[in-house]
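In case you want the letters, here they are:
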2 protein chains.
Amino acid sequence: MNAKLIIADSESNADLFYATRFLAHDPLIFIEAGGKKMIIVSSLEFGRAKRQAKVDEVILSKAGKGKAIEEVAAILKKRGVKEIQVQESFAYSVAKKFEAEGFTFDITSSLFPERGIKTKEEVAWIEEAQRATEAALTVGLTVLRTPGATSESVRKAIDAHLFDAGYDAKETIVAGGTQAADPHEQGKGPLRKGETIVIDIFPRSRKTRYFADMTRTVCIGEPSVKLQKMYDAVLGAQELIFSMLKPGIPGQDIQGVVEKFFQAQGFPRTETQGAPEGFIHGVGHSVGLELHERPSINNSNDVLREGNVVTIEPGLYYRDVGGVRIEDIVLITKDGYRNLTNFPKQFVL
Amino acid sequence: MNAKLIIADSESNADLFYATRFLAHDPLIFIEAGGKKMIIVSSLEFGRAKRQAKVDEVILSKAGKGKAIEEVAAILKKRGVKEIQVQESFAYSVAKKFEAEGFTFDITSSLFPERGIKTKEEVAWIEEAQRATEAALTVGLTVLRTPGATSESVRKAIDAHLFDAGYDAKETIVAGGTQAADPHEQGKGPLRKGETIVIDIFPRSRKTRYFADMTRTVCIGEPSVKLQKMYDAVLGAQELIFSMLKPGIPGQDIQGVVEKFFQAQGFPRTETQGAPEGFIHGVGHSVGLELHERPSINNSNDVLREGNVVTIEPGLYYRDVGGVRIEDIVLITKDGYRNLTNFPKQFVL
């Protein structure tokens, strides 16, 4: 018989939270064997786990520090488990101790592949987070329109709105001008007329722990011809991607088409002083209990399936002018997709 | 020659942030070999990493997805590295691939043991976070004194104050009555007179990424004789611990003394329906870029050293009445300790 095993805290390990719906900041042990879920916790967590964890059994660890592996090994042996299924992140140091006890390992990229297929409830949670994200961007754009607006003032308005609404926004991006040439640059300082300003918001609900994710690019006043062309190309790329979305399509097919499209539009992938420019990231990624989940839409072997919730976020980045990125979040449906995003794409403010 | 290797994101991997001071949400590769630090990043992060990462070299990954290990192996071989030093959390799946390339592993509980010894700057960052924590508790206690106060209203006041001050507070505990019998219960509902209310606040600075940590237990109106006795015992335990603090003392010596002290005070460790009661957790833990760092003060083999910043948080928990915990954060000094906490311990409000 085999068993699934996770040794982690459920704050950082999304599979563990998914399997137990029990939030704990300290490591605990999860076993799924013979269709039953159990967790082994310290006395510090025992009472709370008994009430909150959606598992079949909560076991109070009797082991002193450093004896946890022997304790788990005994539980697994009692149930006739020989092979242990673990995540790719499972610790080498721990695996070696289990191997010494006679167990073998099956390492999987996905302990709960069903996590990629969102339930109606999960989609509703993501949409709820998306609505909060859109309200926050509305607030942010109001601040952006005021004289003297900075990356910091716009970000603070967005993050504060989200905090009040029950969401934690980390590293919200408000990057103007050439700063936005780096996709993950948070941005700082004054926001100027005629520059692109990339605003990327990806908050997590404190209640459900699900994320949303959206990016808009705006320009205060008239953009240059080049910036307008970049914006149009990115918007066109997004439409092109939408038209390809359906269950069964490999992410790399989409990635390849988008790369060719940008090339044809006059926005090739180039390099300046060793740093790449153009369309330099993947088309998108799934969103759920983690901001970046599988399946991805990029050069990997992932394939889209009905029920995936993925971002569609083409972008262009050049050192001399900055960046443009437009990102929606969509649900893959039986026939195509449903856009969960409900925010206009207005470039010039 | 050997090399240190981390493959992780620096948001969740504190060693990686410590080594690079570069915050990235997606995995990157860190190598320290021959006294030089380098990171390997994707095109998405290259520009930002070049500007922000405190390392000797930033390498743009040329590898496609899934080829990262071959790329790292080539870099290590070129530098004559045979043995790779990794954290206990290093992934088994990845280690096996490196072993296939002929490398051996040295697994260490601490890749940067110096992280436990805080610099003056780090102590200042923790103290700054501690001041914010204390201001937030002052705000929380004001709300707590108003009629109709709930766990939720007090928590919201605390967390909102911290958010405004530049801190993220996660899972702040405001647990009244028997709820507080579980040390990590967040608490919900009305806060009642004559019950103990445990308030545990542990925010992280968005600027420095360092944590603070403090707990106070209060009672609105007169507590029962038993609750007062519990409070006095916990306060006495904390004083006892303070008197033992100095470089060189093993954490388990302190833990043992405290367990005996509570027993002698009439608060034994017992069990009700399989759930332990009494003093059911460790005396404390180090605080820094993680909330729970080594060295700990508990039954482990950790020993305190000058420069450690540790919590001192004795507590008592009984199902029938609830909990009492008092937590300060202190710096271990050459001669003893310096309390970094500056907040009164007033039980009855």
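Going along each chain's sequence as written, the residues are numbered from 1 onward. To read the labels, note that chains go from A and ligands from 1, taken in the order they are written. Side-chain atom pairs in this predicted model are given and counted only at pLDDT of 80 or more, local residue features only at pLDDT of at least 70, and totals for whole chains, interfaces and linings cover all residues. Side-chain numbers here rest on the full set of heavy atoms in the structure, without hydrogens or water.

**Points about the interface of chain A and chain B**
Filter applied, for reference: By the convention used here, residues are in contact when the closest approach between their heavy atoms is within 4.5 Å. Buried area adds together the accessible area that both of two parts lose upon being put together, with accessible area traced by a 1.4 Å probe. Between Lys or Arg on one side and Asp or Glu on the other, a salt bridge is scored when a side-chain nitrogen of the former is within 4 Å of a carboxyl oxygen of the latter. Between N or O atoms, a polar contact is any pair within 3.5 Å; within protein, one atom must be a potential hydrogen donor and the other a potential acceptor, and residues adjacent in sequence are included only when both atoms are from side chains.
Taken together, the contact between chain A and chain B spans 49 residues of the former and 49 residues of the latter. In total, about 4200 Å² of surface goes out of reach between chain A and chain B, with carbon and sulfur atoms giving 56% of it. Here chain A and chain B share 6 salt bridges between them. Here Arg-51 of chain A and Glu-185 of chain B are joined by a salt bridge, their closest N and O atoms 2.4 Å apart. Joining chain A to chain B, the criterion identifies 24 residue pairs in polar contact (both at pLDDT 80 or more).

**Section: the side chain of Lys-4 of chain B**
All names here are of chain B. Test applied: Numbering goes from the N terminus for both helices and strands, where a helix is a DSSP run of H or I of at least four residues and a strand is a run of E of at least two. A 1.4 Å probe rolled over the protein chains alone gives each residue an accessible area, and that area as a share of the maximum for its type sets the label: buried under 20%, exposed over 50%, partly exposed in between. We count Lys and Arg on the positive side and Asp and Glu on the negative side, and we leave His and both chain ends out.
Relative to the elements of secondary structure, Lys-4 occurs in strand S1 (residues 2-8). Of the side chains with opposite charge, Glu-32 comes closest to the buried, unpaired Lys-4, at an N-O distance of 4.3 Å. Polar contacts involving the side chain of Lys-4 include one to the main-chain carbonyl oxygen of Leu-111, which spans 3.1 Å. In contact with Lys-4, not counting residues within four places along its chain, are Phe-30, Ile-31, Glu-32, Gln-85, Leu-111 and Phe-112.

**Some points on the nonpolar core**
Rules: Note on terminology: a nonpolar core comprises buried Ala, Val, Leu, Ile, Met, Phe, Trp, Tyr and Cys residues joined through side-chain atoms within 4.5 Å.
Among the nonpolar cores identified, the biggest contains 48 residues, and Ile-31 and Phe-98 of chain A together with Ile-31 and Phe-98 of chain B are the most heavily contacted of them. Among residues more than four places away in sequence, those in contact with Ile-31 of chain B are Ala-3, Lys-4, Leu-5, Lys-36, Lys-37, Met-38, Ile-40, Val-72, Ile-75 and Leu-76 of chain B.

**Re the pattern of salt bridges**
Residues and elements named next belong to chain A. Enumeration over the complete set of coordinates arrives at 42 salt bridges over all chains. Put simply, Arg-115 and Glu-293 hold a salt bridge, and the shortest N to O gap is 2.8 Å. Separated by 178 residues along the polypeptide, Arg-115 in the loop between strand S6 (104-108) and helix H5 (120-144) and Glu-293 in strand S15 (residues 293-297) bring together distant segments of the chain. Residue classification places Glu-293 among the buried positions, given a relative accessible area of 5%.

**A short note on the sheet that holds strand S2 (residues 28-33) of chain B**
The pairing of strands in a sheet comes from backbone hydrogen bonds and takes either a parallel or an antiparallel form. Residues and elements named next belong to chain B. Here is the rule: We call two strands paired when DSSP finds no fewer than two bridges between them. Each axis is a line fitted through C-alpha atoms, taken for helices only over the stretch in contact, and angles between the N-to-C directions span 0 to 180 degrees.
Across the sheet, which stays open at both edges, the 6 strands sit in the order S4-S3-S2-S1-S5-S6 with mixed pairing between neighbours. Looking at which strands have only one partner, the edges of the open sheet turn out to be strand S4 (57-60) and strand S6 (104-108). Across this sheet, the average inter-strand angle for adjacent strands is 25°, counted without regard to direction. By the bridge criterion, 4 bridges tie strand S3 (residues 36-41) to S4 in an arrangement that is parallel.

**A short note on helix H7 (residues 225-244) of chain B**
We count it as follows: A helix is expected to span 1.5 Å for every residue after the first.
In a regular helix each residue adds 1.5 Å, so 20 residues correspond to 28 Å; H7 of chain B covers 29 Å between its end C-alpha atoms and thus fits that length. If you check which residues of H7 of chain B are buried, you get Leu-227, Met-230, Tyr-231, Ala-233, Val-234, Ala-237, Gln-238, Ile-241, Phe-242 and Met-244 of chain B.

**Looking at the packing of aromatic side chains**
As a reminder, the rule being used: The pairing test for Phe, Tyr and Trp rings, Trp by its six-membered ring, is centres within 6.5 Å, and the orientation test on the planes gives stacked under 30 degrees, edge-to-face over 60, and tilted for anything in between.
Evaluation of the coordinates by the stated rule reveals 26 aromatic pairs over all chains. Aromatic pair Phe-98 of chain A and Phe-105 of chain A: ring centres 6.4 Å apart, planes at 75°, arrangement edge-to-face. Overall, the relative accessible area of 13% leaves Phe-105 of chain A in the buried class. Ring centres of Phe-242 of chain B and Tyr-337 of chain B lie 5.0 Å apart, and the angle between their planes is 15°; this geometry places the pair in the stacked category.

**Some details on the sheet that holds strand S2 (residues 28-33) of chain A**
Residues and elements named next belong to chain A. Taken in spatial order, the 6 strands make up an open sheet running S4-S3-S2-S1-S5-S6, and their pairing is mixed. Every interior strand has two partners, whereas the edge strands, strand S4 (57-60) and S6, have only one. Strand after strand, the sheet turns through a mean of 25° between neighbouring axes, direction not considered. Pairing of strand S1 (residues 2-8) with strand S5 (residues 83-87), which is carried by 3 bridges, proceeds in the parallel orientation. Pairing of Asn-2 across the sheet is with Glu-83, part of S5.

**Considering the packing of helix H4 (residues 92-100) of chain A against helix H4 (residues 92-100) of chain B**
Heads up, the rule is: By the definition adopted for this analysis, an angle is roughly parallel if under 35 degrees, roughly antiparallel if over 145, roughly perpendicular if from 65 to 115, and oblique otherwise. Residues are sorted three ways: Asp, Glu, Lys and Arg are charged, Ala, Val, Leu, Ile, Met, Phe, Trp, Tyr, Cys and Pro are nonpolar, and all the rest, Gly among them, are polar.
Packing of H4 of chain A against H4 of chain B leaves a shortest axis separation of 8 Å and a crossing angle of 80°. One finds that H4 of chain A runs roughly perpendicular with respect to H4 of chain B. Within the contact between the two elements, H4 of chain A uses Tyr-92, Ala-95 and Glu-99 of chain A and H4 of chain B uses Tyr-92, Ala-95 and Glu-99 of chain B. Classifying every residue of the contact of H4 of chain A with H4 of chain B by side-chain character gives 4 nonpolar, no polar and 2 charged.

**Concerning the domain arrangement of chain A**
All names here are of chain A. Rules: For the domain bounds, the source is a domain assignment made automatically or taken from a database.
According to the domain assignment, chain A contains domain 1 (2-111) and domain 2 (116-339). The C-alpha-based centres of domain 1 and domain 2 are spaced at 36 Å. Among the residues domain 1 hides against domain 2, the three largest losses belong to Ala-14, Phe-17 and Arg-21. Together they make up 54% of the total. At the junction of domain 1 and domain 2, the tally comes to 1 salt bridge. As a salt-bridge pair, Arg-21 and Glu-122 come within 4.0 Å of each other at their nearest N and O atoms. Seen at the junction of domain 1 and domain 2, the total is 2 residue pairs in polar contact (both at pLDDT 80 or more). Among the residues forming the side of domain 1 that touches domain 2, the class breakdown is 4 nonpolar, 2 polar and 2 charged.

**A short note on the relation of the copies chain A and chain B**
Short version of the rule: Least squares is the method for superposing the copies, and the C-alpha atoms it fits come from residues with pLDDT of at least 70 in both.
Aligned on chain B, chain A shows an RMSD of 0.0 Å; the corresponding rotation is 180° and the shift along the axis is 0.0 Å. When the rotation and shift are considered jointly, the pair of chain copies conforms to a two-fold rotation axis. Taking C-alpha positions as the reference, the residue of chain A nearest the rotation axis is Tyr-92 of chain A, at 1.9 Å. An overlap of 100% is found between the interface residues of chain A and their copies at the interface of chain B, pointing to a shared contact surface.

**A look at the environment of Lys-62 of chain B**
Turning to its location among the elements, Lys-62 of chain B is positioned in the loop between S4 and helix H3 (68-78). Classification of Lys-62 of chain B by relative accessible area gives exposed; the value is 64%. Each C-alpha atom of the pair Lys-62 of chain B and Tyr-318 of chain B lies 58 Å from the other, and the pair is 256 residues apart in sequence. Apart from the residues within four sequence positions on either side, Lys-62 of chain B is in contact with Glu-271 of chain A together with Glu-71 of chain B.

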